[in-house]
Amino acid sequence: MKILALGAHPDDIEIFMFGTMAAYAAQGAELFFAIATDGARGGYGDPAALARTRRKEAMAAAGLLGVTPRFLDFPDGGLVADAALIGALKALIGEIGPDLVITHAPNDYHGDHRALSDGVRIAASFSVPVLHADTFGGTGFSPTHYVDTSRHFDLKAEAIRAHQSQDPERFVDAARTQNAFRAGQCNGPAGSFAEAFRFEPVFPFADIRALLPPAPVIRPVAVSNKTVT
């Protein structure tokens, strides 16, 4: 199976979907990462130097799964779903031939995320199903699918920390909170993690559950075992 993960910025794949990518890797899937913008506005100082640093960080993070990321190098902060972006995405999808594309939700917080989501939806058309990752903080997001990432959270945290230019501990903490909450929605035990996604069926792709790694195990909801006399 070929899985294409598309992030707007150099650390987005790590923050939003890296646990699932690790779960795919454990299953033997062939992974492809692509980053839409150069990340040059993700900090202070010389934008060109920051873009170079962030490219190196993205390569180190993806390398944890043996992936060499692609860089589309659109300007950070100015992404729009225009002919240039859609053309680049169509070419990438056509070259790779993925079984599934995973990218940002159309209502995520950052304009670049929204633009990439729109561009991917148009570029994918009816050639490949598109799955949307959780929004930052889960705001306004209603999941349809969950992936158990409990065994992979430590690697996800390591991947996020590869982006030292981005003060990564804040994102590790945010991911830990959000992924623990998503596992809790599935009645996961303490210490478990899950990443959430939303799939909008588009003909001919009505159901993509078989394309995903395992969901959290469903545990029965139990009443208290205390005896009151």
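Residues numbered from 1 in each chain as written. Predicted model: local features only at pLDDT ≥ 70, side-chain atom pairs only at ≥ 80, totals over all residues. Heavy atoms only, no water.

Quick look at the nonpolar core
Then comes step 1: Ranked by size, the top nonpolar core spans 36 residues in total, and within it Met21, Tyr24, Leu31, Phe33 and Ile102 carry the most contacts.
Then comes step 2: Residue contributions to this core peak at nine residues, all from helix α1 (residues 12-27).
Then comes step 3: Not counting chain neighbours up to four residues away, the residues in contact with tyrosine 24 comprise Met1, Ile3, Ala29, Leu31, Leu100, Ile102, Leu211, Leu212 and Pro213.
Then comes step 4: Ranked by size, the runner-up nonpolar core spans 22 residues in total, among them Leu4, Ile86, Leu92 and Ala123. (Core = buried A, V, L, I, M, F, W, Y, C linked by side-chain atoms within 4.5 Å. Buried < 20%, exposed > 50% of the residue type's maximum accessible area, 1.4 Å probe, protein only. Helix = DSSP H or I, 4+ residues; strand = E, 2+ residues; numbered from the N terminus. Contact = heavy atoms within 4.5 Å.)

A short note on the sheet that holds strand β4 (residues 100-103)
Then comes step 1: The strand order β3-β2-β1-β4-β5-β7-β6 describes an open sheet built from seven strands, whose pairing is mixed. Among the strands making up the open sheet, the edge pair consists of β3 (70-74) and β6 (145-148). Direction aside, neighbouring strands of the sheet carry axes that sit 25° apart on average.
Then comes step 2: As paired elements, β4 and strand β5 (residues 130-133) share three bridges and run parallel to each other. Among the inter-strand pairings, valine 101 is bridged to a residue of β5, identified as valine 130.
Then comes step 3: Each of β1 (2-7), β2 (30-37), β4, β5, β6 and β7 (194-199) is contacted by α1, which is oriented at about 170° to β1, the strand it contacts most.
Then comes step 4: In the packing of helix α6 (residues 169-185) onto the sheet, the strands contacted are β6 and β7, and the crossing angle to β7 comes to about 75°. (Pairing = 2+ DSSP bridges. Axes fitted to C-alpha atoms, helices over the stretch in contact; angles between N-to-C directions.)

Remarks on empty space enclosed by the protein
Unfilled space is identified by rolling a water-sized probe across the atoms.
Then comes step 1: Under the definition given, this model contains one cavity of 30 Å³ or more.
Then comes step 2: In this model, the largest cavity occupies a volume close to 110 Å³.
Then comes step 3: What lines the largest cavity is a set of 13 residues, among which Ile15, Phe16, Lys156, Gln178 and Asn179 lie closest to the centre.
Then comes step 4: Elements that contribute at least two residues to the lining of the largest cavity include exactly α1, α6 and β7.
Then comes step 5: It is α6 that contributes the most residues to the lining of the largest cavity, five residues altogether.
Then comes step 6: Looking at the lining of the largest cavity residue by residue, the classes come out as seven nonpolar, three polar and three charged. (1 Å grid on protein atoms, 1.4 Å probe; cavity = no way out; pocket = protein on both sides within 12 Å on 5 of 7 lines; lining within 4 Å. Points joined across faces, edges and corners; volume = space filled by probe spheres on them. Nonpolar A, V, L, I, M, F, W, Y, C, P; charged D, E, K, R; others polar.)

With respect to the packing of helix α3 (residues 83-96) against helix α4 (residues 111-124)
Then comes step 1: Following both chains from N to C, one finds α3 and α4 inclined at 55°, their axes separated by 9 Å at the closest point. In terms of their interaxial angle, α3 and α4 are classed as oblique. Both α3 and α4 take part in a crossing whose hand is right-handed. For the pair formed by α3 and α4, the contact residues are Leu85, Ile86, Leu89, Lys90 and Ile93 on the first element and Ala115, Leu116, Gly119, Val120, Ile122, Ala123 and Ala124 on the second. (Parallel < 35°, antiparallel > 145°, perpendicular 65-115°, else oblique. Left-handed = near helix turned anticlockwise from the far one by under 90°.)

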